[in-house]
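Descriptive structure summary
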Amino acid sequence: MSDGLSFEDLRKANSTRCVRWHKGGIEEWSVTDWATAVTGELGEACNAIKKLRRIECGAQNINDPDRQLTEVSQAVASIGEELADTLIYLDLLALRLGIDLEAEVVRKFNATSERYSFPERL
């Protein structure tokens with residue numbers, strides 16, 4: 001992975017770890033379970049974004065000491081971690097449904113560019 005992460009790299013490692021973590025493999029959880037995991041992580045990212053906005057506005061962030069975000073760099077790092085968790089679970093949701101997420105991203109990105117006459121294509 002020295003040349004960067006690919007969807008294929010993520011899927012391979014993610015599916016292998018999923019079997020290690022969930023003894024029943026990807027099928028152990030329902031589509032709803034995986035979707036809930038995705039939205040839970042995205043919700044955590046949004047919570048960190050809310051705290052970042054409070055920092056930017058000078059508003060108080062009153063939390064338990066272990067959940068305190070008081071600096072922009074802390075908030076951005078937390079957002080990054082939660083977005084990574086979101087992507088990891090999103091890949092598992094796609095795997096559970098038999099969706100090639102890379103192909104779908106390319107297809108959807110290009111369709112949107114075509115619809116709005118943008119030159120960017122994947």
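Before going into details, it helps to say that this report is about the structure given with it. Note that this is a predicted model, so its numbers are computed, not measured.

Regarding the state of the cysteines
The full count for this structure, using the stated rule, is zero disulfides. The thiol of Cys57 is not disulfide-bonded; the next cysteine sulfur, from Cys46, is found 16 Å away.

What to know about helix α3 (residues 72–97)
Between its first and last C-alpha, α3 extends 37 Å over 26 residues, near the 38 Å set by a 1.5 Å rise per residue. Buried-residue contacts for α3 involve α1 (7–21), α2 (31–57) and α4 (101–115). Following α3 by one or two positions, Gly98 adopts a phi angle in the positive range, close to 75 degrees.

Observations regarding the pattern of salt bridges
What the rule picks out here adds up to five salt bridges. When the shortest N-O distance is used, the salt bridge between Arg53 and Glu56 registers 3.3 Å. Of this pair, Arg53 and Glu56 both sit in helix α2, three residues apart, which is roughly one turn of that helix. Exposure remark for Glu56: the relative accessible area of 49% places this residue in the partly exposed category.

A word on α1
Because an α-helix completes one turn every 3.6 residues, residues spaced three or four positions apart along the sequence face the same direction. Helix length check: α1 (15 residues) gives 20 Å between terminal C-alpha atoms against 21 Å at 1.5 Å per residue, within 8%. Where α1 is buried, its residues contact α2, α3 and α4.

Digging into the layout of surface pockets
In this structure, the largest pocket spans a volume of roughly 170 Å³. Taken together, Asn14, Arg17, Cys18, Trp21, His22, Trp34, Asp85, Ile88, Tyr89 and Leu92 form the lining of the largest pocket. Contributing elements (two or more residues each) for the lining of the largest pocket: α1 and α3. When grouped by side-chain class, the residues that make up the lining of the largest pocket number six nonpolar, two polar and two charged.

Some remarks on the environment of Arg96
Looking at the secondary structure, you find Arg96 in helix α3. When the C-alpha atoms of Arg96 and Ile26 are compared, they prove to be 5.9 Å apart, with 70 residues separating the residues in sequence. Those residues within four positions of Arg96 in sequence are excluded, and the remaining contacts are Ile26, Glu27, Trp29, Ser30, Val31 and Trp34. Side chain to side chain, Arg96 and Glu27 meet in a polar contact 3.3 Å long.

The rules behind these values
Residues numbered from 1 in each chain as written. Predicted model: local features only at pLDDT ≥ 70, side-chain atom pairs only at ≥ 80, totals over all residues. Heavy atoms only, no water. Disulfide = S-S within 2.5 Å. Helix = DSSP H or I, 4+ residues; strand = E, 2+ residues; numbered from the N terminus. Expected span 1.5 Å × (residues − 1). Contact = heavy atoms within 4.5 Å. Salt bridge = Lys/Arg side-chain N within 4 Å of Asp/Glu carboxyl O. Buried < 20%, exposed > 50% of the residue type's maximum accessible area, 1.4 Å probe, protein only. 1 Å grid on protein atoms, 1.4 Å probe; cavity = no way out; pocket = protein on both sides within 12 Å on 5 of 7 lines; lining within 4 Å. Points joined across faces, edges and corners; volume = space filled by probe spheres on them. Nonpolar A, V, L, I, M, F, W, Y, C, P; charged D, E, K, R; others polar. Polar contact = N/O pair within 3.5 Å; in protein donor to acceptor, adjacent residues only side chain to side chain.

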